Amino acid sequence: FIRTPMRPSYWCMSAMFVVLFFIYLSAVKLVRGQQDIELTYHDHQAMTTLLTQWAQSNPDLAHLYSIGKSVQGRDLWVLLLTKNPHEEPLLKPNVKYVANMHGNEAVGRELMLQLIPYLLNNYRTDPYVRSLLDNTRIHIMPSMNPDGFENSVEGQCTGGRDLWVLLLTKNPHEEPLLKPNVKYVANMHGNEAVGRELMLQLIPYLLNNYRTDPYVRSLLDNTRIHIMPSMNPDGFENSVEGQCTGGQGRYNIRGFDLNRNFPDHFKANNKQQQPETEVVREWMDSVPFVLSANLHGGALVASYPYDNTPNSILSQFTLHSSESRTPDNDVFKHLASVYSLNHLTMHLGHPCPDGSNTGFVNGTTNGAQWYPLTGGMQDYNYIRASCLEITLELSCCKYPPRQDLGRYWRENKRSLLLYLGEVHRGVKGMITDVNGNAITTSTLKIKERDIAFKSSKRGEFWRILLPGVYTLVITADGYNSLEQQFTVEEGRITILNVQLTPIGLVVSNHSVSVNATHSTKLTNNRQTNAPNITTKSIGLTGDKHIYVTIPSVTDGQEKFANLLESKQWMYNNAVDNCVNALLICHQSIRGGGTLRPPSLLSSLNNNNNALLISSPAISSSSQPSKLQFSSSASPPAIGFSSLLRPNHTITLASDPLAPHQYSWPTWPSRRGQANAQAVTSDLTNTAPISNLFSSLSNRINSWTTNW
Ligand SMILES: [Zn+2]
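Please read these numbers as outputs of a predicted model, since none were measured by experiment. (Residues numbered from 1 in each chain as written. Predicted model: local features only at pLDDT ≥ 70, side-chain atom pairs only at ≥ 80, totals over all residues. Heavy atoms only, no water.)

This part covers the overall build of the protein chain. On a plain count of helices and strands, the protein chain comes out with 19 helices and 26 strands. Evaluated residue by residue, the protein chain yields a buried proportion of 52% over its 707 residues. Carbon and sulfur atoms make up 53% of the accessible area of the protein chain, which amounts to about 32700 Å² in all. (Helix = DSSP H or I, 4+ residues; strand = E, 2+ residues; numbered from the N terminus. Buried < 20%, exposed > 50% of the residue type's maximum accessible area, 1.4 Å probe, protein only. Areas by Shrake-Rupley, 256 points an atom, 1.4 Å probe, with all protein chains shown as cover.)

Structural data, given as structure tokens:
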């Protein structure tokens, strides 16, 4: 077993030769561009290296040139592929591919980096490719926006940055009733950077001065202050410090102007809704904001709604846009003035040095009068979110150099603080039923101001008003509407708690207490129109009264038909996520087959569960249901209204009052139509709310048999 000593060495050397040969082959292929390019994303450096290698290795087929630099100094490379690229025979046409114009749309960029070596590798073997390169000058720009690509994130359809909100208030995790919510939203246009930094100054200022400054303390004790320093963080990342004008970074990463992206009151807005817009709208749905400001740059003015106008088409043909006033024009002018007059320079109304505008009287303007726009956020706040928002243009230079930020903070500090305090002006209060349960779906209006606003999901309402005498008009489905006069004084907020009575309730039998210092005027049109309606209480369920409306046959059916057909009633409740509604149609056995329906409407618990019993005639399209309601010889029927679906009825055949045989639907919440569907499928489940229903059933039973 003797091995010659040379043998392993030969082995080794041959192996090395083989390996080296393959390395050599690979290297040749690589520099010739014949290597397959890894299917991955190539950053600007890697892309530059590849393009350079391809051009150097194939001077007869490729020529690399740069048409200039991006904002951040990256070359905009173009690789020209053609036979003899430095010759330009007459009539040889030029074509181009331009990719990655939107920096985060990265597929085209990588396809170009596959296409180039494919053409080079197949020139000698593929007649089509050869003919193409011989007869065509093919210019390929893999990335028109290399900066944007570098700022993009692989795997994300948008920039994927969080939209942060900091809530500043005493005990942020508690939400006392009637503590109002205000917000500042900055940097919606990514390159308008001053507001963003001001927010990052304001937050520590409020925190640091809470214990020493009585105003700051009072503000944080009594106000929930939500601060979103950047609504467009992607745009900001694409912006460049020192650029005072222009649109670089203004838009979100998909190129949309977020302040043109909201549903509009005056004109259809067909812009595709962007993620930033969607989440801000959801945020507004979830928090009952009262006051807001939207911080921008590029001018120096406080602009107030409306931003759009019904006749903006006409106004394009006039030199000056006309004012587009809201019903709360006085309040908006006041709010804008509070900001402007407390700002060190805005109130002077000087035009910006670049001459982009002529200046504004007192530093304020109506938005549409300045220039009309569709899809703005402040109009949306006012009309759809019951929130008074103005737009603050805080700097002539959109993204000034950082050494200027101290000046902007000094100019704006007082305004930013005092504006927030304006939320404690006007009127606020609770809207409840006669049992003190919050009514969550009321619509409010200040008389002679033709704009409706909403209560919160807890029955709170707020409205900023200047001193004066006003009338609040409250409507809520299922309740009598109410008008209430009140006075607003300077320096304090009027508290107005309002109780609504169920439709048909005999008002005189109940003390409807509205703010004790003010008189109450009930408008009860429906009752006036339906004089046969009487009401009685059948007692308590738990600790809650049950009010019963006994309409005449005609009036009652009509009334409840109206109520039921008003899908608003159902959807509002559902949307508000506060109401479990049970709808039962009850056919009275009395009157020898004649419908004489007792009807019942009540709030059953703190979540404002509503129980409505009405005539099945209303739900005539429904399948007859067989729920027995009493032990009477001719049992009444109970079923769900057609509103819920004709073929989903609850049945209770044998023991009429056995609670387990009821299916008790809960309103699953959130969005109207979908919920109606969800409810119907829920009907097969039995929920453990039977005690309540049992008690109620007994009441109804005894009442119906006695009536
Ligand atoms: Zn802006």
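So much for the structure itself; the text now carries on.
Let us now look at the sheet that holds strand β5 (residues 166-168). Strand order in this open sheet of seven strands is β5-β7-β6-β8-β11-β9-β10, and the pairing throughout is mixed. Since the sheet does not close on itself, it has two edges, and those belong to β5 and β10 (364-366), each with one partner. Neighbouring strand axes in the sheet, compared pairwise and without regard to direction, differ in orientation by 20° on average. The sheet contact formed by strand β8 (residues 289-296) and strand β11 (residues 388-395) spans six bridges and is parallel. Within β11, the position partnered with Ala293 by the bridge is Ile390. (Pairing = 2+ DSSP bridges. Axes fitted to C-alpha atoms, helices over the stretch in contact; angles between N-to-C directions.)

Take the packing of aromatic side chains next. Tallied over the full model, the rule gives 12 aromatic pairs. Sitting above the plane of the Tyr123 ring, Arg130 keeps its charged end 4.9 Å from the centroid. (Phe/Tyr/Trp six-rings, centres within 6.5 Å; stacked < 30°, edge-to-face > 60°. Lys NZ or Arg CZ within 6 Å of the ring centre and 35° of its normal.)

Before going further, it helps to examine the pairing of β11. Taken across its eight residues, β11 has eight buried, putting it largely inside the fold. With five bridges joining them, strand β9 (residues 299-304) and β11 adopt antiparallel strand pairing. The partner of Ala302 across the bridge, within β11, is Leu392.

A separate point is the sheet that holds strand β3 (residues 94-98). Overall, mixed pairing links the four strands, which are arranged β1-β2-β4-β3 in an open sheet. In this open sheet, the two strands that pair with only one neighbour each are β1 (62-69) and β3. Across this sheet, the average inter-strand angle for adjacent strands is 25°, counted without regard to direction. Relative to strand β2 (residues 75-81), β1 is paired through six bridges, and the arrangement is antiparallel. By the bridge assignment for β2, Lys69 is matched with Asp75. Packed onto the sheet, helix α3 (residues 107-122) meets β1, β2, β3 and β4 (137-141) and runs at close to 30° relative to β2. (Contact = heavy atoms within 4.5 Å.)

Evaluated as defined, the whole model comprises two disulfides. A sulfur-sulfur distance of 2.0 Å marks the disulfide that ties Cys244 to Cys397. Given an S-S torsion of about -85°, the disulfide between Cys244 and Cys397 has left-handed geometry. Taken together, the residues span a long stretch of sequence, with Cys244 in the loop between α8 (233-237) and α9 (275-286) and Cys397 in the loop between β11 and α14 (405-421) at a distance of 153 residues. A sulfur-sulfur separation of 2.0 Å characterises the disulfide bridge that pairs Cys352 with Cys396. (Disulfide = S-S within 2.5 Å.)

With that settled, the discussion passes to the coordination of the zinc ion. Distances from the zinc ion to its protein donors, namely His189 (ND1), Glu192 (OE), Glu192 (OE) and His296 (ND1), fall within the range 2.0 to 2.5 Å. Around the zinc ion sit four donor atoms, and with donor-metal-donor angles ranging over 56 to 147° the site reads as irregular. Among the residues examined, His296 registers a relative accessible area of 3% and is labelled buried. (Donors = N, O, S within 2.8 Å, 3.2 Å for Na, K, Ca; no water. Tetrahedral: all angles 85-135°; square planar, octahedral: opposite > 155°, others 65-115°.)

Moving on, we come to a nonpolar patch on the surface. Where nonpolar side chains cluster on the molecular surface, the patch consists of Met16, Val19, Leu20 and Ile23 and spans about 390 Å² of accessible area. Among the structural elements, Ile23 can be located in helix α1 (residues 7-32). (Patch = residues over 30% accessible without salt bridge, like charges linked within 9 Å, V, L, I, M, F, W, Y side chains within 5 Å. Salt bridge = Lys/Arg side-chain N within 4 Å of Asp/Glu carboxyl O.)

Listed in full, the buried residues belonging to helix α7 (residues 214-222) are Val216, Leu219 and Leu220. Axial view of α7: buried residues confined to an arc of 90°, hence all on one face. Buried positions along α7 lie against β5, α6 (194-209), β7 (224-228) and α14. The N-cap residue of α7 is Asp213: its side-chain oxygen and the backbone nitrogen of Tyr215 are 2.8 Å apart. (Arc of directions from axis to C-beta. Polar contact = N/O pair within 3.5 Å; in protein donor to acceptor, adjacent residues only side chain to side chain.)

The next thing to look at is the UniProt feature "active site" (unreviewed entry) in the protein chain. Per the UniProt entry, the sites bearing "active site" (unreviewed entry) are Glu393 in this numbering. Examined against the element boundaries, Glu393 turns out to sit in strand β11. Residues contacting Glu393, with those up to four places away along its chain left out, are His296, Gly297, Gly298, Ala299, Leu300, Val301, Met346 and Trp370. Among the polar contacts made by the side chain of Glu393, one reaches the main-chain amide nitrogen of Gly297 at a distance of 3.3 Å. (UniProt positions renumbered as here; feature names shortened; annotations may be inferred.)

Here we take up the pattern of salt bridges. Per the counting criterion, the structure on display carries 23 salt bridges. A salt bridge links Lys69 to Asp75, with the nearest nitrogen and oxygen atoms 3.3 Å apart. By relative accessible area, Asp75 is classed as buried at 18%. Taking the shortest distance from any N to any O, the salt bridge between Glu460 and Arg458 comes out at 3.1 Å.

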